[in-house]
Every structure is written in structure tokens, then in C-alpha cells.
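Here's the letter readout for the chains.
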Amino acid sequence: MVAEVVPNAVPYEVVTRTDYSDVTYLLEVHEPEMARAARPGQFVMVMSHPEGERIPLTIADFDRERGTITLVVQAIGKTTREMQRDMVQGAHLHAMVGPMGIPSHVEGVRKVVCVGGGLGVAPVYPQARAFKEAGAYVIGVIGFRNKDLVFWKEKFEAVCDEFIICSDDGSVGMKGLVTDGIRVALERHGDVEEVVAIGPPVMMRACAAFTRPYGIHTVVSLNPIMVDGTGMCGGCRVKVDGRTRFACVDGPDFDAHKVDFEDLAARLKRFRDQEKEVLDRWEQGCRIPEAPTIPTPGA
């Protein structure tokens, strides 16, 4: 089935907006050249308005027929909350640069487990699809806190040979963490060659620790603080196998068993106070005082 081409759209126009929760939302952005060039595992640098911050967002999907890039965003800081407010259908991003980063390696793998936790569910989807298109047997494992936060279930079922949902409270799928889902997959299949895990650093670290005794090659996608996305600022440096690497040009995919997760966690906390201050200031500016009550003449 050929996808419908987006009519009359211009570059960086938000042609679809979907809200999955009060903090998670999807933007499908029209950018045909970028859609043609995109590969699983890559990301884009986005500015929502001329005075805005440049932020990296992983490409969650791309449609070459429609000429669109899909981004799934979590509103946790000033910029992403500002985008949540302003980027409705028909709005335009000021700039979007990419695709950036080294595409994920999917060739030559016969059986793979693709793991996504929380917001990491979105960027692991194009990898699962690419592995399937390359001929691999794909086992999908995704985790959410509860059933109300689940999204893209049908998309994963369409590209996975086996599919496992985990939830913290057991309200959907099996009760447990994504590592419990990995355990089930490995118990069923002793010939898994690779595990790809994307999600919060603590989740990726847990996945790496779980697969290490099995000797299974495990890949994680790192999203540290990033300013320019070209390796010039040095903000996204991470320690991998004792060496300094840059997530924007050397990654974002890295061997999970060689990543220094303690260093990554420390770097992610480095600007937490400044980020909170900026967010608080922005939220104060968004609170419009109630209009004073004007007495009715003659009352």
C-alpha cells in the first residue's frame, strides 16, 4: 500500500500531532529530503523558534512516500514543554537539521531482541523494522509504567515475530521490568545474537548488566547533553571502553558492555539546577494573572 503524500505541506510543518499522555506527544514533520535520507538510529537537531534552544531528538519513524519525519517527545524541560504548547498541527518548526549520527547496524543478525522502555519505545521501533526487513527474527520487548501509557503496540506487532509488553503494575502484558521481558525471550531462544536497548540510562544500564553473563552483544543508544550535534562543542562526550567518544558523531549507538554509565549519569545531572531555574522562570511567565473584576455600572 502506497502512503498518501502530504498535500500542500511546506518544510518543517507539523502535519500530525498526537498526544499519548499529559507529557508525551508525537510530531510528524514534513521534510521530504530528510525523510529520504533517514536511517534507523539517527537523530535530528531541532529549533522550535528563532530564539529557541537546539535540542537533539531521535528519529522515531520516517515515511519516504509522505516525506515526513516522526518525533516522539517527552515534555520534561523548558524547550520540550514550549514545543508541547506551540507545535500543534499546522505549526512550523524554525529549523530541523539532519539526519545526524551513524545509522544502526542491522545487517547479518539472524535473531535480535529489540527493547524499549518509556520514551525509548519510539526510537527502537525503526530498528526493529529494519532488522525485520534485513531478514532477522525479531523479538520486541517494550515496557511502560501502566496500560494508560502504552503506544505503538500495533506498529510493533506488525514488525516483530514475537512481542512482549511489560508493565510496572501488571495492568498490561506481564508484570515486571523490561529485563524480565529479556529473560523470557532468552529462555525461549538460546540463539539470540544481539540485544538493542533504548530508554532511560538506568534502564539501559540494567539491560547491559543482564545480558553480560550471557555474552550477547548488546547495543544502547545514548542521548547525552548536546549543543551543536557536529562534535564541535564536546558537550555529548561519553566514556566508552575507557576512551572519550562523542555521541553525535561516534554514535549514538554504542556497545552497552563498554559504556561508563556512572560517568553518563553524572554528566546528565551537571546542569540540572540551571535547567530547573530556566523552567521555573518560563512557567512563571506563562501564568497570566486573572483579569480584575470590573463593577457593573449602576450596581
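Residues numbered from 1 in each chain as written. Predicted model: local features only at pLDDT ≥ 70, side-chain atom pairs only at ≥ 80, totals over all residues. Heavy atoms only, no water.

**Student:** Just to check I follow, could you spell out the overall build of the chain for this structure?
**Tutor:** Counting its regular elements, the chain contains 9 helices and 16 strands. Across the 299 residues that make up the chain, the buried fraction comes to 48%. Residue pairs at least 24 apart in sequence account for 67% of intrachain contacts in the chain once pairs closer than 6 positions are excluded. Surface summary for the chain: the accessible area is close to 15000 Å², and the carbon and sulfur share equals 52%. (Helix = DSSP H or I, 4+ residues; strand = E, 2+ residues; numbered from the N terminus. Buried < 20%, exposed > 50% of the residue type's maximum accessible area, 1.4 Å probe, protein only. Contact = heavy atoms within 4.5 Å. Areas by Shrake-Rupley, 256 points an atom, 1.4 Å probe, with all protein chains shown as cover.)

**Student:** Sorry, what's going on with the sheet that holds strand E2 (residues 24-30) here?
**Tutor:** Hydrogen bonds along the backbone pair up the strands of a sheet, which may run parallel or antiparallel. The strand order across the open sheet formed by 4 strands is E1-E2-E6-E5, and the pairing between neighbours is antiparallel. Whereas interior strands pair on both sides, the edge strands pair on one side only; in this sheet they are strand E1 (13-19) and strand E5 (61-63). Along the sheet, successive strands turn relative to each other by an average axial angle of 20°, direction set aside. Examined bridge by bridge, E1 and E2 share 6 bridges and lie antiparallel to one another. Bridging from a neighbouring strand, Thr16 pairs with Glu28 of E2. This element, helix H2 (residues 78-86), spans E1, E2 and strand E6 (68-74) of the sheet and lies at about 70° to E2. (Pairing = 2+ DSSP bridges. Axes fitted to C-alpha atoms, helices over the stretch in contact; angles between N-to-C directions.)

**Student:** Help me understand unusual backbone geometry in this model?
**Tutor:** Among all residues save glycine, negative phi is the norm, and among peptide bonds the norm is trans. Across the junction of Gly98 and Pro99, the peptide omega takes the value 0°, indicating a cis bond. Residue position: Pro99 is located in strand E7 (residues 95-100). Of the consecutive residues Gly251 and Pro252, the connecting peptide bond is found in the cis state with omega at 15°. Along the polypeptide, Pro252 turns up in the loop between helix H7 (247-250) and strand E16 (253-255). In this structure, Trp152 takes a positive phi of about 65° despite not being glycine. Looking at the element boundaries, Trp152 is found in the loop between strand E9 (137-144) and helix H4 (153-159). Its relative accessible area of 9% is what places Trp152 among the buried residues. Of note, Asp241 is a non-glycine position whose phi angle comes to about 55°, a positive value. Position of Asp241 among the secondary structure elements: in the loop between strand E14 (237-240) and strand E15 (243-246).

**Student:** Just checking my understanding: could you explain the nonpolar core for this structure?
**Tutor:** In a soluble, globular protein the nonpolar side chains are often hidden away together inside. Counting 35 residues, the largest nonpolar core has Val113, Val115, Val220 and Leu222 as its most contacted members. Looking at this core, the element that brings in the most residues is helix H5 (residues 178-188), giving 5 residues. (Core = buried A, V, L, I, M, F, W, Y, C linked by side-chain atoms within 4.5 Å.)

**Student:** Is there a simple way to explain helix H6 (residues 201-211) in this structure?
**Tutor:** Owing to its 3.6 residues per turn, the α-helix aligns residues three or four sequence positions apart on the same side. When we look at burial in H6, the residues that qualify are Met203, Met204, Cys207, Ala208 and Thr211. When H6 is viewed along its axis, its buried side chains cluster within an angular range of 140° and face the same direction. (Arc of directions from axis to C-beta.)

**Student:** Is there a simple way to explain the packing of H5 against H6 in this structure?
**Tutor:** It is at 9 Å that the axes of H5 and H6 come closest, and there the two elements cross at 30°. In terms of orientation, H5 and H6 fall into the roughly parallel class. The interaxial crossing formed by H5 with H6 has right-handed handedness. Residues Val178, Thr179, Ile182, Arg183 and Leu186 of H5 pack against Met203, Ala206, Cys207, Phe210 and Thr211 of H6. (Parallel < 35°, antiparallel > 145°, perpendicular 65-115°, else oblique. Left-handed = near helix turned anticlockwise from the far one by under 90°.)

**Student:** Would you mind showing me how to read helix H3 (residues 121-133) here?
**Tutor:** Its 13 residues give H3 an end-to-end C-alpha distance of 19 Å, which sits within 8% of 18 Å, the value for a rise of 1.5 Å per residue. Within H3, 11 of the 13 residues are buried, which leaves the element mostly enclosed by the surrounding structure. Buried within H3 we find Val121, Ala122, Pro123, Val124, Tyr125, Pro126, Gln127, Ala128, Arg129, Ala130 and Phe131. Phi turns positive, to about 100°, at Gly135, one or two residues after H3. (Expected span 1.5 Å × (residues − 1).)

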